[in-house]
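# Close look at the chain arrangement
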Amino acid sequence: MQEPWWKRSTIYQIYPKSFNDTTGSGMGDLQGVIEKLDYIKELGVDMVWLTPIYRSPQRDNGYDISDYYDIEPAYGTMEDVERLVQELHNRDMKLMMDIVINHTSTDHEWFQQAKTSKDNPYRDYYIWRDSSDGDAPNNWVSKFGGTAWALEEHTDQYYLHLFDKTQADLNWENNEVRNKLYEMMNFWAEKGLDGFRLDVINLVSKVQSFPHDESAADGQFGKAYYTDGPRIHEFMKEMNQAVFAPHNLITVGEMSSTSLAACQQYTSPDVNELDMTFNFQHLKVDYEKGKKWTDGKLDFIKLKQILSDWQIGMHQAGGWNALFWCNHDQPRIVSRFGDDDLYRRESAKMLATVMHMMQGTPYIYQGEEIGMTDPKFSSIEDYNDVETQNAYTELKELGLAESAVMQIIQRRSRDNARTPMQWSAAKNAGFSEGEPWLSVASNYKKINAEKEVKDKDSIFYHYQKLIRLRKEYAIITHGDYEPLCMDNERIFSYERRWNGEKLLVVANFFGESTEFTYPKKETEEAEILLSNYQDSAPDYSKIQLRPYEAVIYLIKL
Ligand code: GLC
């Protein structure tokens, strides 16, 4: 069988709202994406993932869709989407659209109908329950804080919302709902796009008795009853047959709080569900007791353990990982696990190296390739995100001081990733002529794409080289994975083996020098494929690693 093209590819994620504004509205748009396609092509990626651009009240920036068949006017028109597909294909790149089918906006026509009466034909498109003793039907909580149930007063029943109360969960038990969704996805597939990113897709199958949750140590009550739920694999297979297979689409599922076993099953090639999955376990290693809105410290050993377990587990099952540090829901990785000040360049390159040499398909989130940082806004007024706003209120209610609350917000807010793309040192970082919907980070004169592209030693070109290595060296795609020095508190190291070759990655994860000793007896001669310092040592048996130094060795066995 021919190897699927996406196993050697890298995907670039665009959050259109913050990418490039061509109208002066303060919000990015589709024309703005088209304008920057040559820049993206220069990086060397094969595909662009666009977060939702459908009609939406924007309560959750487009993850609350009110019309699947229409484009949010601020972004442009259907013709713009068609042009974007064309312009990408002209440059030999592909388009992946984001699709949100766990829930719709409560502004969606289906919900507007459904809420009018219990016997409305659309009522059963959503999940309605009676109150329990004058309270919500059960104790499940929303991922954005508070109860997961909202009372619809007119019909005196509650509807389920695992996210904001304007994002009502669809009832996937209803065949008509699933068929309507597949029909809509086929409409998009026929526009010529090449793949889908499926938003929180592992939450669509709920345990139908909707039990009270006694367990959830992290306070996420309900999670056990809707994550990778009872009919999830059946639904994925059905959707694959109805939508993905006929159009030969590439698919990545966003998997909330999932397990390795579940992802092995979603992505094993013979089961025909999904091509690959995002999981977030490696991005919870700085949460205190599993809770996001805390000021926890990075558990480095745990980070290595989790990434290794997934590398080994997915390899064994023949499954496939989506590899990533960043997206629109995560803080900037260079601020989070690197050093966004003195060693910004070295640490950004090190983090990229560690991730991109693993097995899977890497995703780069806009601005990551130029080392953009968290903006560290000082006031809650500067944050827009609904989840952040809720967290602020909850933390204040817990009695935390303003400064302590803001410290947590600065580290955790999803807006860290959503500040406008820093294109140049011009007004608003060259993002917009108008008033940006979210402030630009103040360091844009120092950190911007124009500068990066001019400097041959920049983070941008390091990413470009990593993308190229994946295409040149089959071992990156096919090799197995063996973690090295797992107890070492400073070094991230692993090796990959395939077809008479070995790829060794050695990275100092911190800002102080440290010594690496190759833990095995054999040492063959090595070629350095890439390093973030000019003069890394060719002999890997013992290396004095400088701050954030990361080296990739290729060894012929
Ligand atoms: C996903 C999206 C996130 C959104 C949520 C609800 O996690 O990435 O941005 O808020 O789903 O749709």
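Residues numbered from 1 in each chain as written. Predicted model: local features only at pLDDT ≥ 70, side-chain atom pairs only at ≥ 80, totals over all residues. Heavy atoms only, no water.

Neighbouring the ligand are 14 residues, the closest being Asp60, Asp199, Glu254, His328 and Asp329. Here arginine 414 contributes a side-chain N or O atom positioned 2.9 Å from an oxygen atom of the ligand. Burial of the ligand by the surrounding chains reaches 96%, relative to a free accessible area of 310 Å². When the residues that make up the shell around the ligand are grouped by side-chain class, the tally is 4 nonpolar, 3 polar and 7 charged. Residues from two domains meet in the shell around the ligand; each of domain 1 (5-104 + 174-199 + 227-466) and domain 2 (109-169) gives at least three. (Near = heavy atom within 4 Å. Polar contact = N/O pair within 3.5 Å; in protein donor to acceptor, adjacent residues only side chain to side chain. Areas by Shrake-Rupley, 256 points an atom, 1.4 Å probe, with all protein chains shown as cover. Nonpolar A, V, L, I, M, F, W, Y, C, P; charged D, E, K, R; others polar. Domains from an automatic or database assignment.)

With that out of the way, let us pick up the sheet that holds strand 7 (residues 128-129). Across the sheet, which stays open at both edges, the 3 strands sit in the order 7-9-8 with antiparallel pairing between neighbours. Bordering the open sheet on either side are strand 7 and strand 8 (149-152), each of which pairs with just one other strand. Pairing of strand 8 with strand 9 (residues 157-160), which is carried by 4 bridges, proceeds in the antiparallel orientation. Looking at strand 9, one finds that alanine 150 is bridged to tyrosine 159. (Pairing = 2+ DSSP bridges. Helix = DSSP H or I, 4+ residues; strand = E, 2+ residues; numbered from the N terminus.)

Time to look at the packing of aromatic side chains. The full count for this structure, using the stated rule, is 40 aromatic pairs. Ring geometry for phenylalanine 111 versus tryptophan 128: centroids 5.7 Å apart, planes at 20°, classification stacked. Placement of the pair is phenylalanine 111 in helix 4 (residues 109-114) and tryptophan 128 in strand 7, with a sequence separation of 17 residues. Owing to a relative accessible area of 3%, phenylalanine 111 belongs among the buried residues under this scheme. (Phe/Tyr/Trp six-rings, centres within 6.5 Å; stacked < 30°, edge-to-face > 60°. Buried < 20%, exposed > 50% of the residue type's maximum accessible area, 1.4 Å probe, protein only.)

Core analysis: the biggest nonpolar cluster contains 138 residues, and Ile101, Phe196, Met239 and Trp325 have the highest contact counts within it. With 15 residues, the next largest nonpolar core counts Tyr158, Phe163, Tyr226 and Val386 among its residues. (Core = buried A, V, L, I, M, F, W, Y, C linked by side-chain atoms within 4.5 Å.)

For helix 15 (residues 459-472), with 14 residues, the first-to-last C-alpha span of 20 Å sits near the 20 Å given by 1.5 Å per residue. Here helix 15 lies mainly inside the structure; 10 of its 14 residues are buried. Listed as buried for helix 15 are Ile459, Phe460, Tyr461, His462, Tyr463, Gln464, Leu466, Ile467, Leu469 and Arg470. (Expected span 1.5 Å × (residues − 1).)

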